[in-house]
Amino acid sequence: MTSSFPRRTGLMAAALAAGLASPVPALAIGDPSPPKPSPRAAAAAAVPAWDRGRRPAGRHPWDRRPGHSLHPSSPHAAGLDEAWIEKVPEILRAAIAQDPPRFAGASVLVAVGGGIVLEHAEGDALRWADASTPLPETERIPARTDTIFDLASLSKLFTATAVLQLVEQGRVSLEDPVARHVPRFGENGKQQILVRHLLTHTGGLPAFLPLYSDWPDEASRWDAALTATPTAPPEEGYLYSDLGLIALGRMVEELSGQRLDAYVHDHITAPLGMTDTMYTPDATLRPRIAATEYEEFYGELVHGRVHDENAFALGGIAGHAGVFSTARDVAVFASMLLGGGKHRGARVLERGTVQDMFTDRIAGITGEGGARRGLGPELATWSYHSGLTSPFSGAHTGFTGTSLVIDPLTDTVIVLLTNAVHPTREWSSTNAVRREVSTAVARAHGILPAEAGWLAGQEDARTATLTASADLPAAAEPARLEVELFAHLETAYDTLRIEASADGGGSWTPLPGVLERRDRDTGRPVEDLVEERIELPDGVVTGWGGRLTWRGGFDLVDAGGTALAGEVQVRAAVTTDKAVRGLGALVGRIAITRGGETLLDTDREADAAAVSADGWERVERS
């Protein structure tokens, strides 16, 4: 019998092809970042080393000290542009109003420096009776700020925290073979898979097995999960796998002598006062719990129990899924991480462990533009960190429509909990909303400078060109192009190119150059995290840009290095791919000089008016 697999982000068709004997829904296998084709080699090779600069007193952004406890605040008190924070509820309302809606209901919390600047709910926690029948208004349950959501793969952060606690206690090492602590795991060629491999999804395990449908009982499902045959040797590649976290959850149980839910309660949620966080919620909480999907396989609307089919088939308690929580509780967990493992006097992790947790481990495997992983968290994930993306941003998403973004550079936490699979995962499309929310918060921080110039990169699948021209006298020494610019572009996929043409735009030559900080005294803590000077051998800018405005200098020469002369055009071209983007690129002053003579300067009104902007928006200083 042929099974139907509805759309699913990150679904690995090859891993799912075998053995589905009955008609079942698509399988929830966590919620990794959307897979993308490899970036163009030229763009990947051009990624500047933005994060190899100086650091004050040697401190890393994730070398955290205990900070402010979570408390009510306001955008104004946090130094934010309130108008951008007010856009977040509008984003949620627009998502619910779509046909079909991106989700039925949502709860969002934004905190900066521990101060809650937004806590808001929209839509319904329960809206549908089945996959196509809406409930009468009187039977619906509105979403509230204290609605409890199925976190789905956000549960993996709790499992990772539990593992790292055991590492701190010396009960296990990141370099231990998992089979040393869970002997059954060692079967089928997995003796060399280490604990860190499973935390970083580099163990070579399959993405998924249909445990719930292909094995008859809980014992056989656990056995199948632990004895799964790897698809590749460790560290040969990156493949997001629920099975690895299932095994780590079992390891926590073996080492601690506690069931995973009891361990997480006793050592993480209870010390932090997270009273609304749990596995297998009690039936009395059902009116507060957001419903998820109508599952044909079980013939019921999932409401009050875990949505993930495999987690449900394993008793509702597993390392990859199963945690339920509220936005406020998730924000407490995030505040603990921003506090170097401590919140309100409760220490859950050591400072050094938090830094290790949020330090990338897989760049050498995935390459430029590839996934980034710490010991559990996703890092630098443009698909939902969006405007807040940096080499240090983290944390995770969940397939039900949940996400947590933590930006240590601005001490910002964004918790967005939705029931995007209610009533069907066919409608689930949350990443666009995640991006819009993160970008609104980034704009509220003023990460995109409020300066005069031209702005591009706000649309997908577009090349925008900003072109100016000047008449260059023949000379041995080349004229110099100077450009002030800010760039925040999805690494290796979205690019800003500086080019010149001496044949009326018939052909364009990339201009090698250098970026230097326009103003070293920005007052931003990111100041010491990037180089003073960035080489651009191919005239290509991509990546997070250090959250700084730069002064670019480029010699106007042809491909052979000869000075250009005559009527010469220069342009900045921003190209975006079909999905995912950052804040874009902002070009300010453009000037061409030779010796002491200024041939072009857009600070002069006439020169600015002569600039041709295709796809660029002219912005004034606010």
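Quick caveat, the model's predicted, so the values are computed rather than measured.

Caption draft 1: Just the overall build of the protein chain, in detail. Per the secondary structure count, the protein chain includes 17 helices and 29 strands. For 622 residues, the compact-globule estimate of 2.2 N^0.38 gives 25 Å, and the protein chain sits close to it at 26 Å. Reported as C-alpha extents along the three principal axes, the dimensions of the protein chain are approximately 80 × 55 × 55 Å. Expressed as a percentage of its 622 residues, the buried residues of the protein chain come to 59%. In the protein chain, 72% of the contacts between residues at least 6 apart in sequence involve partners at least 24 apart. Distance from the positive charge centre (58 side chains) to the negative charge centre (81 side chains) of the protein chain: 3 Å.

Caption draft 2: Examining helix H5 (residues 155-168) more closely. Counted at 1.5 Å a residue, the expected span for H5 with its 14 residues is 20 Å, and the 20 Å between its end C-alpha atoms agrees. Within H5, burial applies to Ser155, Lys156, Leu157, Phe158, Thr159, Ala160, Thr161, Ala162, Val163, Leu164, Gln165 and Leu166. Count one or two residues on from H5 and you reach Gly170, which has phi positive near 80°.

Caption draft 3: Geometry of the pairing of strand E24 (residues 550-555). Pairing geometry for strand E18 (residues 480-488) and E24, over 6 bridges, is antiparallel. Considered in E24, the bridge of Arg480 is made with Asp555.

Caption draft 4: Up close: the environment of Gly453. By the element assignment, Gly453 lies in strand E16 (residues 453-456). Between the C-alpha atom of Gly453 and that of Glu236, which follows or precedes it by 217 residues, the distance is 45 Å. Residues contacting Gly453, with those up to four places away along its chain left out, are Leu586, Val587, Gly588, Glu617, Arg618 and Val619.

Caption draft 5: Fine view of the nonpolar core. Leu404, Leu481, Leu556, Ile592 and Trp616 are the most contacted members of the largest nonpolar core, which has 122 residues in total. In terms of residue count, helix H12 (residues 327-338) provides more of this core than any other element does, 9 residues in total. In this structure, Ala95, Val112, Phe486 and Leu586 belong to the second largest nonpolar core, which totals 33 residues.

Caption draft 6: Focus on the pattern of salt bridges. Under the counting rule described, the total for this entry stands at 38 salt bridges. In this structure, Arg196 and Glu235 form a salt bridge, with 3.0 Å as the shortest nitrogen-oxygen distance. One end of the pair, Arg196, is in helix H6 (residues 195-200); the other, Glu235, is in the loop between helix H8 (218-226) and helix H9 (242-256), with 39 residues separating them in the sequence. Under the relative-accessibility criterion, Arg196 is labelled partly exposed at 23%. On the basis of relative accessible area, Glu235 is assigned to the partly exposed category, the value being 38%.

Caption draft 7: View of unusual backbone geometry. A cis amide bond, omega 0°, links Asp99 with the succeeding residue Pro100. Take Pro100: it is sitting in the loop between helix H4 (87-97) and strand E2 (105-112). Look at the link from His422 to Pro423: it is a cis peptide, with omega at 10°. For Pro423, the position within the fold is in the loop between strand E15 (412-418) and helix H16 (431-445). At Ala380, a position not held by glycine, the phi torsion is positive, near 45°. Its location among the elements puts Ala380 in the loop between strand E12 (378-379) and helix H15 (382-385).

Caption draft 8: Focus on a negative patch on the surface. A contiguous patch of negative charge, built from Asp81, Glu82, Glu86 and Glu90, is present on the exposed surface. Position of Glu90 among the secondary structure elements: in helix H4.

Caption draft 9: Representation of helix H10 (residues 260-272). Under the 1.5 Å per step criterion, the end-to-end length of H10 is 17 Å for 13 residues, consistent within 8% with the ideal 18 Å. Taking the largest bend as the criterion, H10 deviates by roughly 40°, centred on Asp266. For H10, every residue scored as buried is listed here: Leu260, Asp261, Tyr263, Val264, Ile268, Thr269 and Leu272.

Caption draft 10: A look at the confidence of the model for the protein chain. For the protein chain, per-residue confidence averages 91 on the pLDDT scale, and residues scoring 70 or more make up 91% of the total. Across residues 520-525, where pLDDT falls below 50, the model places 11 contacts with residues more than four positions away in sequence or in other chains.

Caption draft 11: The side chain of Thr277, seen in detail. Its place among the elements puts Thr277 in the loop between H10 and strand E6 (294-295). A residue is classified by how much of its surface remains accessible, and Thr277, at 8% relative accessible area, is buried. In this structure the side chain of Thr277 is engaged in a polar contact, spanning 2.7 Å, whose partner is the side chain of Ser325. Beyond its immediate chain neighbours, meaning those up to four positions away, Thr277 contacts Phe158, Thr269, Val323, Phe324, Ser325 and Asp329.

Caption draft 12: Main features of the side chain of Arg372. Topologically, Arg372 is positioned in strand E11 (residues 372-373). A polar side-chain atom of Arg372 sits 2.8 Å from a polar atom in the side chain of Thr366. Each residue touching Arg372, except ones within four places of it in the same chain, is listed here: Asp360, Ile362, Ala363, Thr366, Gly367, Pro377, Glu378, Leu379 and Ala380.

Caption draft 13: Highlighting the environment of Leu301. Residue placement: Leu301 occurs in strand E7 (residues 300-301). For the pair formed by Leu301 and Asp130, sequence separation is 171 residues and the distance between their alpha carbons is 6.1 Å. Ignoring sequence-local partners within four residues, the contact set of Leu301 consists of Leu126, Trp128, Ala129, Ala291, Thr292, Glu293, Tyr294 and His422.

Caption draft 14: Spatial organisation of the packing of aromatic side chains. On inspection of all chains with the given rule, the structure shows 8 aromatic pairs. Note on Phe158 and Phe333: the rings are 4.4 Å apart at their centroids and 25° apart in plane angle, and the pair reads as stacked. Within this pair, whereas Phe158 is found in helix H5, its partner Phe333 is found in helix H12, the two being separated by 175 residues in sequence. Of the residues examined, Phe333 reaches a relative accessible area of 1% and is grouped as buried. Plain terms: the ring middles of Tyr212 and Phe297 are 4.9 Å apart, the flat faces sit at 85° to each other, and that makes the pair edge-to-face. In this pair, Tyr212 sits in helix H7 (residues 211-214) while Phe297 sits in the loop between E6 and E7, placing the two residues 85 residues apart along the sequence. Taking relative accessible area as the criterion, Tyr212 reaches 4% and is therefore assigned buried. The class for Phe297 is partly exposed, based on a relative accessible area of 27%. Every member of this aromatic cluster is reached through a ring pair, and the members are Tyr212, Phe297, Tyr298 and Phe312. It is Arg250 that lies over the ring of Trp222; its NZ or CZ is 4.2 Å from the centre. The ring of Trp508 carries the charged tip of Arg571 above its face, separated from the ring centre by 4.1 Å.

Cut-offs applied
Going along each chain's sequence as written, the residues are numbered from 1 onward. Given that this is a predicted model, residues contribute local features only at a pLDDT of at least 70 and side-chain atom pairs are listed and counted only at 80 or more, while totals for whole chains, interfaces and linings are drawn from all residues. To obtain the side-chain values, all non-hydrogen atoms of the structure were included, while hydrogens and water were left out. Starting at the N terminus, helices and strands are each numbered in turn, a helix being any DSSP run of H or I of at least four residues and a strand any DSSP run of E of at least two. For the radius of gyration, the atom set is restricted to C-alpha positions; the globular benchmark scales as 2.2 Å times the number of residues to the power 0.38. Burial classification: accessible surface area is computed with a 1.4 Å probe over protein chains only, and a residue below 20% of its type maximum counts as buried, one above 50% as exposed, and the rest as partly exposed. In this analysis, two residues are considered to be in contact whenever any of their non-hydrogen atoms come within 4.5 Å of each other. His is not counted, nor are the chain ends; Lys and Arg add positive charge and Asp and Glu add negative charge. Charge positions are represented by NZ for Lys, CZ for Arg, CG for Asp and CD for Glu. In this scheme, a helix's expected span is set at 1.5 Å multiplied by one less than its residue total. One bridge is not enough; two strands pair if DSSP finds at least two bridges between them. Each nonpolar core is a collection of buried residues, namely Ala, Val, Leu, Ile, Met, Phe, Trp, Tyr and Cys, held together in the definition by side-chain atoms within 4.5 Å. When a carboxyl oxygen of Asp or Glu lies within 4 Å of a side-chain nitrogen of Lys or Arg, that pair is called a salt bridge. Every patch collects residues that have over 30% relative accessible area and no salt bridge, joining them within 9 Å if they carry like charges and within 5 Å if they are nonpolar side chains (Val, Leu, Ile, Met, Phe, Trp, Tyr). Each accessible area is a Shrake-Rupley result for a 1.4 Å probe, and residues are judged covered by the shown protein chains and nothing else. Throughout, bend refers to the angle between the axes fitted to the seven residues that end at a position and the seven residues that start at it. Per-residue confidence from the predictor is reported as pLDDT, which spans 0 to 100. Side-chain atoms alone can form a polar contact between residues adjacent in sequence; in general such a contact is a pair of N or O atoms within 3.5 Å, and within protein one must be able to donate a hydrogen while the other accepts it. To pair, rings of Phe, Tyr and Trp, with the six-membered ring standing in for Trp, must have centres within 6.5 Å; the planes then decide the type, stacked if under 30 degrees apart, edge-to-face if over 60, and tilted in the middle. Ring-over charges, as used throughout, are those where CZ of Arg or NZ of Lys falls within 6 Å of the ring centre and within 35 degrees of the ring normal.

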